[in-house]
Amino acid sequence: MAKFFRAAVLGPPGSGKGTICKRIAHSFGLQYLSSGHFLREGIAADTEAGVLAKSYIERGMLVPDQVMTRLMLPKLEQLRNHSWLLDGFPRTLAQAQALNNLYQMDLVINLNIPYETLKERLSDRWIHPASGRVYNMGFNPPQVQGKDDVTGEPLIQHDDDKPEALMARLRHYKEVAKPVIDLY
Ligand code: AMP
């Protein structure tokens with residue numbers, strides 16, 4: 001039986017995880033699966049997972065593990081005969097364990113980015129709350145300043161992307177990510 005490649009990228013908010021994942025997936029011909037993208041798709045289509053996830057995402061919180069595993073594992077099942085790269089999943093130990101029960105990971109990349117860099121990037125980050133679309137005023141700005149490209153609605157800045165909340169958020173990320181990194 002052919003061996004398929006199983007990989008994931010871990011990284012704090014603002015680490016450029018999405019951009020890096022897409023490049024790796026493209027270069028190596030891997031199926032790219034982003035949990036944030038699936039959540040945003042679910043929100044736009046008003047699916048059960050989308051409705052559940054929306055209030056968490058708006059508050060900058062993690063979506064509960066059960067919602068995430070029920071969203072992601074069936075997608076992986078569909079791609080059983082493909083090599084894939086995961087972006088944003090697993091994010092917690094429970095998610096990593098659920099994944100490990102089904103698949104043996106070949107590679108997990110952990111992005112280790114200096115705090116100052118994260119702070120700079122996140123303070124430039126604006127979102128469209130209804131869809132979860134994310135913009136960066138530095139390297140991925142909207143076509144019209146302050147407005148969502150698709151709907152034209154105003155963009156907002158997460159309270160937790162504001163400098164005063166960042167330290168706490170990154171500390172929280174570290175706490176949640178540590179057991180995941182240790183597991184791999
Ligand atoms: P991302 O596009 O990866 O930054 O994800 C956007 C948001 O979706 C995150 O801030 C979380 O609220 C939520 N999210 C994405 N992936 C997960 C996950 N694996 N576990 C919990 N929440 C997630």
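The structure reproduced in this document is the subject of the present report. (Residues numbered from 1 in each chain as written. Predicted model: local features only at pLDDT ≥ 70, side-chain atom pairs only at ≥ 80, totals over all residues. Heavy atoms only, no water.)

We now examine the packing of helix α6 (residues 115-123) against helix α7 (residues 163-183). Orientation of α6 relative to α7, taken along the N-to-C sense of each, is 125°, at an axis distance of 11 Å. In terms of orientation, α6 lies oblique with respect to α7. With respect to the hand of their crossing, α6 and α7 are arranged in right-handed fashion. Contacts between α6 and α7 pair Tyr115, Leu118, Lys119 and Leu122 from the former with Leu166, Met167, Arg169 and Leu170 from the latter. Here the residues of the contact of α6 with α7 sort into six nonpolar, no polar and two charged. (Axes fitted to C-alpha atoms, helices over the stretch in contact; angles between N-to-C directions. Helix = DSSP H or I, 4+ residues; strand = E, 2+ residues; numbered from the N terminus. Parallel < 35°, antiparallel > 145°, perpendicular 65-115°, else oblique. Left-handed = near helix turned anticlockwise from the far one by under 90°. Contact = heavy atoms within 4.5 Å. Nonpolar A, V, L, I, M, F, W, Y, C, P; charged D, E, K, R; others polar.)

Here the focus is the site of the ligand. Taken together, 14 residues surround the ligand, and among them Ser35, Met61, Gly88, Arg91 and Gln95 come closest. Measuring from a nitrogen atom of the ligand, one finds a side-chain N or O atom of Arg91 at 3.0 Å. Between the ligand and Gln95 there is a distance of 2.9 Å, counted from a nitrogen atom to a side-chain nitrogen or oxygen. Surface burial for the ligand is 86%, taken as the share of its 480 Å² of free accessible area covered by protein chains. Taken together, the residues of the shell around the ligand break down into seven nonpolar, four polar and three charged. (Near = heavy atom within 4 Å. Polar contact = N/O pair within 3.5 Å; in protein donor to acceptor, adjacent residues only side chain to side chain. Areas by Shrake-Rupley, 256 points an atom, 1.4 Å probe, with all protein chains shown as cover.)

The next thing to look at is the pattern of salt bridges. Opposite charge on two side chains lets them pair, provided their charged atoms get close. For the structure shown, the criterion picks out seven salt bridges. Across the pair Asp182 and Lys178 runs a salt bridge whose closest N-O atoms are separated by 2.8 Å. Taken as a pair, Asp182 and Lys178 lie in helix α7 at a separation of four residues, close to a single helical turn. Exposure class is identical for Asp182 and Lys178. Each is exposed. (Salt bridge = Lys/Arg side-chain N within 4 Å of Asp/Glu carboxyl O. Buried < 20%, exposed > 50% of the residue type's maximum accessible area, 1.4 Å probe, protein only.)

Before going further, it helps to spend a moment on the pairing of strand β6 (residues 133-136). Taken together, the four bridges between strand β5 (residues 125-128) and β6 define a ladder with antiparallel strand orientation. By the bridge assignment, His128 is partnered in β6 with Arg133. Counting the residues between successive antiparallel strands, the hairpin from β5 to β6 contains four residues, one of them, Gly132, with a positive phi of roughly 85°. (Pairing = 2+ DSSP bridges.)

This part is about the packing of aromatic side chains. Per the counting criterion, the structure on display carries one aromatic pair. Geometrically, the ring pair formed by Trp84 and Tyr103 is edge-to-face, given 5.3 Å between the ring centres and 85° between the ring planes. Linking Trp84 in strand β3 (residues 84-87) with Tyr103 in the loop between α5 (93-102) and β4 (107-110), this pair joins segments that are 19 residues apart in sequence. Comparing Trp84 with Tyr103, the two get one shared label, buried. Sitting over the face of the ring of Phe38, Lys75 holds its NZ or CZ atom 4.4 Å from the ring centroid. (Phe/Tyr/Trp six-rings, centres within 6.5 Å; stacked < 30°, edge-to-face > 60°. Lys NZ or Arg CZ within 6 Å of the ring centre and 35° of its normal.)

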